[in-house]
Amino acid sequence: MLNPLQAGGGMPCIAHTYYYNDAEKSLGTVYSGMILLSFSQELTQEAATAAAGQYAFIEEMGQPIHTNSARLYPVKLAAGLSCQQVEGAISEVSKDPAVAYAAPYFESAGGKLLGVSNEFIVSVESGRQPAEQVIKRLTAATRTEVVTELSANTFVLRADKNSRGNALEMANFFHKQPLIKHAEPDFVVSVSM
């Protein structure tokens, strides 16, 4: 079993990016103090807290933040973790049947913490193929789901731990696909716990 608290092996941290208005924006490396978790819908907040409490690298769960499709908990991590250890912790906690989604935070230049919510927005180019067909094909390929249709060509989608990546990774994947005009992750802005 992976122990995310073991040394990261000296490997460099991966810098993450996303696309906004067709420009690549840097998020930097994973923030080492917090992650975002959501749990199975049937779990109460008390049960979610108990599930998180079994991990030595989790110190405290914050109050839930609601998206259109989940309750996301900002989770304070043990001090001194490296970015590799945080990524290992996300991987480890994602194996828990009680956990529906796990994703990192990033620290913005202004000191705000940006957590990768479970949702992302996708706009399909109009005219060449019906937007619903494009979205249906891509959601099937990525194991993501449509949450809501904002307009004829714009959709809010969600990722979970069974998707081919978190919402940041999925937005970047969708952005690179033909017929996609725009794809951007949704962020949760938090303060350090």
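The text that follows walks through the structure, step by step, so that each part is easy to find. Predicted, not measured: the structure shown is a model, and the values here were computed from it. (Residues numbered from 1 in each chain as written. Predicted model: local features only at pLDDT ≥ 70, side-chain atom pairs only at ≥ 80, totals over all residues. Heavy atoms only, no water.)

Along the backbone of the protein chain there are 4 helices and 11 strands. Over its C-alpha trace the protein chain gives a radius of gyration of 17 Å, about what one expects of a compact globule, namely 16 Å for 193 residues. Overall size of the protein chain, expressed as C-alpha extent along the three principal axes, is 50 × 40 × 30 Å. Within the protein chain, the proportion of its 193 residues that are buried is 48%. In the protein chain, the proportion of contacts linking residues at least 24 apart, taken out of those at least 6 apart, comes to 67%. Accessible surface computed for the protein chain: about 9600 Å², of which carbon and sulfur atoms make up 51%. (Helix = DSSP H or I, 4+ residues; strand = E, 2+ residues; numbered from the N terminus. Rg over C-alpha atoms; globule rule 2.2 N^0.38 Å. Buried < 20%, exposed > 50% of the residue type's maximum accessible area, 1.4 Å probe, protein only. Contact = heavy atoms within 4.5 Å. Areas by Shrake-Rupley, 256 points an atom, 1.4 Å probe, with all protein chains shown as cover.)

Turning to the state of the cysteines, a few remarks are in order. In the structure shown here, the tally under the stated rule is 1 disulfide. Sulfur-sulfur distance for the disulfide between Cys13 and Cys83 comes to 1.6 Å. With the S-S bond torsion at -95°, the cross-link from Cys13 to Cys83 turns out left-handed. Taken together, the positions of Cys13 in the segment before strand 1 (16-20) and Cys83 in helix 2 (residues 83-94) put the pair 70 residues apart, joining distant regions of the chain. Since its relative accessible area comes to 38%, Cys13 is described here as partly exposed. The class of Cys83 is buried, set by a relative accessible area of 7%. (Disulfide = S-S within 2.5 Å.)

Here we take up the environment of Thr142. As for its placement among the helices and strands, Thr142 is situated in helix 3 (residues 131-142). Through-space distance from the C-alpha of Thr142 to that of Asn162 is 9.0 Å; in sequence the pair is 20 residues apart. The residues contacting Thr142, other than those within four sequence positions of it, are Ser163, Arg164, Met170, Phe173 and Phe174. Within the structure, the side chain of Thr142 is placed 2.8 Å from the backbone oxygen of Leu138, a separation counted as a polar contact. (Polar contact = N/O pair within 3.5 Å; in protein donor to acceptor, adjacent residues only side chain to side chain.)

Take Thr139: it is sitting in helix 3. A relative accessible area of 12% means that Thr139 is categorised as buried. For Thr139, the contacting residues outside a window of four places in its chain are Thr144, Val146, Leu157 and Phe174.

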